[in-house]
Number of protein chains: 2
Amino acid sequence: MTRRTAPRRVVVLGSTGSVGVQALEVLAQGAEDGSLELVGLAAGTSWKVALEQAAAFGVTAVHLADLEAAARARDAIRRDTNARAAQHASIAELLDRTEPDLVLNAVVGFAGLDATLAALERGIDVALANKESLVAAGALCMGVAARTGARIIPVDSEHSALQQCLAGARAGEVESLVLTASGGPFRGRTRAQLANVTVEEALAHPTWSMGGKISIDSATLMNKGLELIEAMVLFELGEGAVETVVQPDSIVHALVRHRDGSLLAHLGWPDMRVPIAWALHHPVRPAVADVRRLDLTQMPSLAFEAVDLDTFRCLALARAAARTGRGSTCILNAANEVAVAAFLAGHIGFLDIADVVDGALEALDPPGEPDSLDAARELDARARIAAVDCLAARSR
Amino acid sequence: MTRRTAPRRVVVLGSTGSVGVQALEVLAQGAEDGSLELVGLAAGTSWKVALEQAAAFGVTAVHLADLEAAARARDAIRRDTNARAAQHASIAELLDRTEPDLVLNAVVGFAGLDATLAALERGIDVALANKESLVAAGALCMGVAARTGARIIPVDSEHSALQQCLAGARAGEVESLVLTASGGPFRGRTRAQLANVTVEEALAHPTWSMGGKISIDSATLMNKGLELIEAMVLFELGEGAVETVVQPDSIVHALVRHRDGSLLAHLGWPDMRVPIAWALHHPVRPAVADVRRLDLTQMPSLAFEAVDLDTFRCLALARAAARTGRGSTCILNAANEVAVAAFLAGHIGFLDIADVVDGALEALDPPGEPDSLDAARELDARARIAAVDCLAARSR
């Protein structure tokens, strides 16, 4: 590894979630070789884990988004004479106190947009695991990044793969991007078979271990829809230039199709530490401890299938919203968050998720791409209200 | 396509062979859009085709390596009042008269080394389809290129694929290169089954349409051995960092394995025009007319198999020669040329090819990497004599 004179200073937002915990593994390795230093972290409700993480890394700057969790953490810190953690009231304050080189944003959902903009506004590079930022307010995020010179480095395995496959490509040479989907736990099922699936079945992802929201998004293929929109924003391509295809083993993470008929593909066993490490060390490609090597002659043969868009309507809805633009993807995202929460709580069935999203998109006239955080919040709120209205008709 | 102010001036050596003819297709397209201009060509014996090509492209500078062919061409030009072609006595003279920006060297065998060095010495970039140049005198070629600033751009589909997969990689990030082989017409056969195969069977390559020498090299897998050595030279890696694996459909052309466990792969239907166009336009990736697009969901699923090194001994011999160095790969190449010619002439059996190569390598003590064209020629000649001695014992 190329040694930097000083380690890159990193703040992790969403440190107790699936991506956050794996990021801390990567940061522990980076601390050992002097390339990375964790200087702050933020979590939602898991204050105990967050304080343990802070203690383990010798980090003093912590933010807890949940007010009750923050209060309990404050109590715990007061009672523990060894504790050195200091709580900050907001992510903005956390960033101002720690002055990091890079923020890993692994907050789940629309809530992550605030943090993405806070970092970009300060000219801080963002390793982005919160795809909702770009789905809800892609033009806004890209505009701020362009103005301040901050970079957005994707952490999603597919977009990390795309960025790697695009290295060296010039404008006009790329015909399309190909996002691969595992197909989720319900690949091959019909609509009728999905009517009564349980939350547990939907959470059982075949190839990736992830949090609850993203696991459901993977089961509905909305995750691929959000990724499609994220790819359009990140790589500045139209919706028609982003293909989606099922690769059941999740070994091929993405491909780039060039105008000479060549495709460049990114392969590897699914392991989120790889794209996380790639983003944290960018543009250096780091070694990753204990990563499983792909033995080409021992792995399953690589098959690709078309996506069943009738069964997995969420992807079709996302593509349509991407085509429509004018804030439609912000509506899509908000309605999906409401619908997924309702499904996880047992209020609606699996197929209702797409219906709720569709209903919200039908109910609202997209007003235009949000050009400020306030505009995004307002549109997000309106979409949630519309989605809740749709829920009411369906709750069981 | 990015328009250059003036078209890139190209000389094609070996214009009547399989690669040469396809290169002229690419050049015809490049002439249309003003990006490329054919300014000279050279062939061996096929003087009629060469003169037709020259006439079709309005090229006046021609070299014919075969003396009799050159004499016949001279007669034909004298009799044809419309002919404007001028013959040049050597490739060096051809290059001095035409002053090209790029030479495509598609000469077959050791004979191509002369031309590679002639171009590199003049600081002219070489699009290299003649892998034997780098196998026989890799250090010499790379040294001359480094001294004059000329670039060597691989035309072999595998090395073109590797160069594309390596775009953006930094020193130390790459763990290994993976060369794929179709396995040739005899994939899956045992040694016993190969004892009596015919020349026609050996020439019937399953996925690529190529010339005679390279088709036999593909059947013995010596071609993959030569490519292994070529890759070591081009990308400055040790023999242990170049893997070989069978991918029967020739859809995956090569992969690069990185230290984070990620692999980048290059995919496409086999079509030599693609790597040829890539080399001629380098570093711009051009559009290629009528290239067949890979439909991921309609193609065969991608399987990889280990190479059977006991049956395909030539690859094992090439790897051993690469490890030994000191001119061993020059000996390997010369002995292989002798053996393949003897097989094509019906003098020896298919399995004898490896025995002849092995015999020549056993008979000679490698004297060191050739540091001049003369040294390479001397070693090549000694290896041919040793190979002919081995042939004598085996001819039938």
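A quick note: this is a predicted structure, and the numbers were derived from the prediction, not measured. Throughout this description, residue numbers start from 1 for each chain and increase along the sequence as written. Here chains are named by letter from A upward and ligands by number from 1 upward, in the order in which they appear as written. Under the rules for a predicted model, residues below a pLDDT of 70 receive no local features and side-chain atom pairs below 80 are neither given nor counted, while totals for whole chains, interfaces and linings still include all residues. Side-chain numbers here rest on the full set of heavy atoms in the structure, without hydrogens or water.

Peer 1: How should I be thinking about the overall build of chain A in this particular structure?
Peer 2: Helix and strand assignments come from DSSP, with helices taken as H or I runs of at least 4 residues and strands as E runs of at least 2, each series counted from the N terminus. When you go through chain A residue by residue, the secondary structure sums to 16 helices and 11 strands. What the globule rule says is 2.2 Å times the number of residues to the power 0.38, and the radius of gyration is computed from C-alpha atoms. Computed over its C-alpha atoms, the radius of gyration of chain A comes to 21 Å, within 12% of the 21 Å expected for a compact globule of 396 residues. Burial classes: relative accessible area under 20% of the type maximum marks a residue as buried, over 50% as exposed, and values in between as partly exposed (1.4 Å probe, protein chains only). For chain A, the residues scored as buried account for 60% of the 396 residues in total. By definition in these notes, contact holds between two residues if any of their heavy atoms fall within 4.5 Å. Within chain A, counting contacts between residues at least 6 apart in sequence, those at least 24 apart form 71% of the total. As displayed, chain A offers around 14,900 Å² of accessible surface, 49% of which is attributable to carbon and sulfur atoms. In this count, Lys and Arg are taken as positive residues and Asp and Glu as negative ones, while His and the chain termini are left out. Positions of charges follow a simple convention, taking NZ of Lys, CZ of Arg, CG of Asp or CD of Glu. Positive and negative side-chain charges of chain A, numbering 36 and 49 respectively, have mean locations separated by a distance of 3 Å. Accessible areas in this description were obtained via Shrake-Rupley with a 1.4 Å probe; residue shielding takes into account the shown protein chains only.

Peer 1: What is the right way to look at the relation of the copies chain A and chain B in this model?
Peer 2: Two chain copies, one operation linking them: a rotation about an axis together with a shift along it. Least-squares superposition of the copies uses the C-alpha atoms of those residues scoring a pLDDT of at least 70 in each of them. Least-squares fitting of chain A to chain B yields an RMSD of 0.0 Å, with the superposition described by an axial translation of 0.0 Å and a rotation of 180°. Such a turn and shift between the copies fits a two-fold axis. When the interface residues of chain A are mapped onto chain B, 100% of them again fall at the interface, so both copies present the same face.

Peer 1: Looking at this model, I keep getting lost on the interface of chain A and chain B. Mind explaining?
Peer 2: Accessible area lost on assembly of the parts is the figure often given for the size of an interface. At the junction of the two partners, chain A supplies 43 residues and chain B supplies 43 residues. Take the accessible area each of two parts loses on contact, using a 1.4 Å probe, and add the two losses: that sum is the buried area. Both faces combined, the contact of chain A with chain B buries some 3,800 Å², and carbon together with sulfur accounts for 53% of it. The three residues of chain A that bury the most area against chain B are Arg259(A), Asp260(A) and Arg285(A), which together make up 20% of that side's buried surface. By salt bridge we mean one thing: a side-chain nitrogen of Lys or Arg within 4 Å of a carboxyl oxygen of Asp or Glu. Summed over the shared surface of chain A and chain B, the number is 4 salt bridges. N or O atoms within 3.5 Å of each other form a polar contact, as long as, within protein, one can give a hydrogen and the other can take it, and as long as residues adjacent in sequence are counted only when both atoms are side-chain atoms. For the pair chain A and chain B, the interface holds 21 residue pairs in polar contact (both at pLDDT 80 or more). Take the side of chain A that touches chain B: its biggest share by element is 5 residues, from strand β11 (residues 263-267) of chain A.

Peer 1: Any chance you could explain the side chain of Asn130(B) here in plain terms?
Peer 2: All names here are of chain B. Assignment of secondary structure puts Asn-130 in the loop between β6 (125-128) and α6 (131-148). Its relative accessible area of 0% is what places Asn-130 among the buried residues. Within the local environment of Asn-130, its side chain forms a polar contact with the backbone oxygen of Gly-109, the two atoms lying 2.7 Å apart. Look past the residues within four positions of Asn-130 in its chain and what remains in contact with it is Asn-105, Val-107, Val-108, Gly-109, Gly-112, Leu-113 and Thr-116.

Peer 1: How should I be thinking about the nonpolar core in this particular structure?
Peer 2: Note that soluble globular proteins tend to have their nonpolar side chains buried in a common cluster. Nine residue types can take part in a nonpolar core, namely buried Ala, Val, Leu, Ile, Met, Phe, Trp, Tyr and Cys, and a core is a set of them joined through side-chain atoms within 4.5 Å. Formed by 185 residues in total, the largest nonpolar core has its most connected members in Leu13(A), Leu332(A), Phe350(A), Ile353(A), Leu332(B), Phe350(B) and Ile353(B). Once residues lying within four places of it in the same chain are set aside, the contact partners of Phe350(B) are Phe186(B), Leu194(B), Val197(B), Ala202(B), Ala219(B), Thr220(B) and Phe343(B).

Peer 1: Looking at this structure, how should I read the sheet that holds strand β3 (residues 61-64) of chain B?
Peer 2: As a general point, the strands of a sheet are linked pairwise by backbone hydrogen bonds and lie either parallel or antiparallel. All names here are of chain B. Here 7 strands make up an open sheet; going across it, the order is β4-β3-β2-β1-β5-β6-β7 and the pairing parallel. Looking at which strands have only one partner, the edges of the open sheet turn out to be β4 (86-87) and β7 (152-154). Bridge count between β6 and β7: 3 bridges; the pairing is parallel. Bridging across to β7, Val-126 finds its partner in Ile-152. Any two strands are treated as partners once DSSP identifies two or more bridges connecting them.

Peer 1: Can you walk me through the pattern of salt bridges in this structure?
Peer 2: Pairs may arise between side chains of opposite charge once their charged atoms sit close together. Residues and elements named next belong to chain A. All told, the structure shown has 48 salt bridges over all chains when counted by the stated rule. Its salt-bridge partner being Asp-114, residue Arg-377 comes within 3.2 Å of it at the nearest N-O pair. Taken together, the positions of Arg-377 in helix α16 (residues 373-394) and Asp-114 in helix α5 (residues 112-121) put the pair 263 residues apart, joining distant regions of the chain. A relative accessible area of 37% means that Arg-377 is categorised as partly exposed. Of the residues examined, Asp-114 reaches a relative accessible area of 38% and is grouped as partly exposed. When the shortest N-O distance is used, the salt bridge between Arg-323 and Glu-239 registers 3.2 Å. One end of the pair, Arg-323, is in helix α13 (residues 313-324); the other, Glu-239, is in the loop between α11 (222-235) and β9 (242-246), and 84 residues separate them in sequence. One network of salt bridges, in which partners are shared, links Lys-131, Asp-156, Glu-158, Lys-224 and Glu-227.

Peer 1: How should the environment of Val62(B) be read in this particular structure?
Peer 2: All names here are of chain B. With respect to the element layout, Val-62 can be found in strand β3. Given the relative accessible area of 0%, Val-62 is considered buried. When the C-alpha positions of Val-62 and Asp-271 are compared, they lie 27 Å apart, and in sequence the two are 209 residues distant. Apart from residues lying up to four places away in sequence, Val-62 is in contact with Leu-41, Ala-54, Ala-85, Ala-86, Gln-87, His-88 and Leu-94.

Peer 1: I keep staring at the sheet that holds β9(A) and nothing clicks. Help me out?
Peer 2: Taken together, 8 strands build an open sheet; the order of strands is β9(A)-β8(A)-β10(A)-β11(A)-β11(B)-β10(B)-β8(B)-β9(B) and the sheet is mixed. On the outer flanks of this sheet lie β9 of chain A together with β9 (242-246) of chain B, each paired with one strand and no other. This sheet shows a mean twist of 20° between the axes of neighbouring strands, independent of strand direction. Bridge analysis of strand β10 (residues 252-258) of chain B against strand β11 (residues 263-267) of chain B gives 5 bridges, and the strand direction is antiparallel. From the neighbouring strand, Arg257(B) faces β11(B), where its bridge partner is Leu263(B). Here an axis means a line fitted to C-alpha atoms, over the contact stretch when the element is a helix, while the angle between two N-to-C directions is reported on a 0 to 180 degree scale. Docked against the sheet, helix α7 (residues 157-165) of chain B engages β11 of chain A together with β8 (174-181), β10 and β11 of chain B, running at close to 40° with respect to β10(B).

Peer 1: Honestly, the packing of α6(B) against helix α14 (residues 328-344) of chain B in this entry has me stumped. Any pointers?
Peer 2: Working note: a packed helix pair is described by the angle between its axes plus the distance between those axes. Residue and element names in this part refer to chain B. Following both chains from N to C, one finds α6 and α14 inclined at 135°, their axes separated by 7 Å at the closest point. With respect to α14, the element α6 is oriented oblique. Packed against α6, whose contacting residues are Glu-132, Val-135 and Ala-136, the element α14 presents Thr-329, Cys-330, Asn-333 and Glu-337 at the interface. Each residue is assigned to one of three groups, with Ala, Val, Leu, Ile, Met, Phe, Trp, Tyr, Cys and Pro labelled nonpolar, Asp, Glu, Lys and Arg labelled charged, and all others, Gly among them, labelled polar. Considered class by class, the residues forming the contact of α6 with α14 number 3 nonpolar, 2 polar and 2 charged. In what follows, roughly perpendicular refers to angles from 65 to 115 degrees, roughly parallel to angles under 35, roughly antiparallel to angles over 145, and oblique to any angle outside these ranges.

Peer 1: Would you mind going over helix α14 (residues 328-344) of chain A with me for this structure?
Peer 2: One turn of an α-helix holds 3.6 residues; hence residues three or four places apart share an orientation. Residues and elements named next belong to chain A. In a helix, the anticipated span is given by 1.5 Å times the number of residues less one. Compared with an ideal rise of 1.5 Å per residue, which puts 17 residues at 24 Å, α14 spans 24 Å between its outermost C-alpha atoms and is within 8% of the ideal. Of all 17 residues in α14, 15 are buried, a share of seventy percent or more. Residue Gly-346 follows α14 closely and has a positive phi angle near 85°.

Peer 1: Teacher, can you tell me more about unusual backbone geometry here?
Peer 2: Across residues other than glycine, the phi torsion is negative in most instances, and most of the peptide bonds are trans. Here His282(A) and Pro283(A) are connected by a cis peptide whose omega angle stands at 5°. Its place among the elements puts Pro283(A) in the loop between α12 (273-281) and α13. If you check the backbone angles, Leu221(B) has positive phi at about 70° while not being a glycine. One can find Leu221(B) in the loop between α10 (212-220) and α11 (222-235). A relative accessible area of 4% means that Leu221(B) is categorised as buried.

Peer 1: Is there a simple way to explain the confidence of the model for chain A in this structure?
Peer 2: In low-pLDDT segments, the atomic positions of the prediction should not be examined closely. For chain A, the mean per-residue pLDDT works out to 95, and 98% of the residues sit at or above 70. Interface confidence for the predicted complex, expressed as ipTM, amounts to 0.94; the pTM equals 0.95. Every residue gets a pLDDT, meaning the predictor's confidence in that residue, from 0 to 100.

Peer 1: Any chance you could explain the environment of Gly40(A) here in plain terms?
Peer 2: Residue and element names in this part refer to chain A. Within the fold, Gly-40 resides in strand β2 (residues 36-43). Taking the C-alpha atoms as reference points, Gly-40 and His-63, separated by 23 residues in sequence, lie 8.2 Å from one another. With sequence-adjacent residues up to four places away left out, Gly-40 is seen in contact with Val-10, Val-11, Val-12, Val-59, Ala-61 and Thr-98.

Peer 1: What's the story with the state of the cysteines in this structure? I'm lost.
Peer 2: Simply put, disulfide is the name for a covalent bond between the sulfur atoms of two cysteines. All names here are of chain B. When two cysteine sulfur atoms are found within 2.5 Å, that pair is recorded as a disulfide. Under the counting rule described, the total for this entry stands at 0 disulfides over all chains. With no disulfide of its own, Cys-314 has Cys-390 as its nearest cysteine by sulfur position, at a separation of 13 Å. Residue classification places Cys-314 among the buried positions, given a relative accessible area of 2%. Left unpaired, Cys-330 is separated from the closest cysteine sulfur, that of Cys-141, by 11 Å. Residue classification places Cys-330 among the buried residues on the basis of a relative accessible area of 0%.

Peer 1: Please clarify how helix α2 (residues 47-57) of chain B should be interpreted in this entry.
Peer 2: Residues and elements named next belong to chain B. Listing the buried residues of α2 in full gives Trp-47, Ala-50, Leu-51, Gln-53 and Ala-54. With its buried residues spanning 160° around the axis, α2 presents them on a single face. Away from the buried face of α2 by more than 90 degrees, exposed residues Lys-48, Glu-52, Ala-55 and Ala-56 are located. Turning to α2, the residues buried within the fold contact α1 (18-32), β2 (36-43), β3 and α3 (67-79). The directions from the helix axis to the C-beta atoms form the arc being described.

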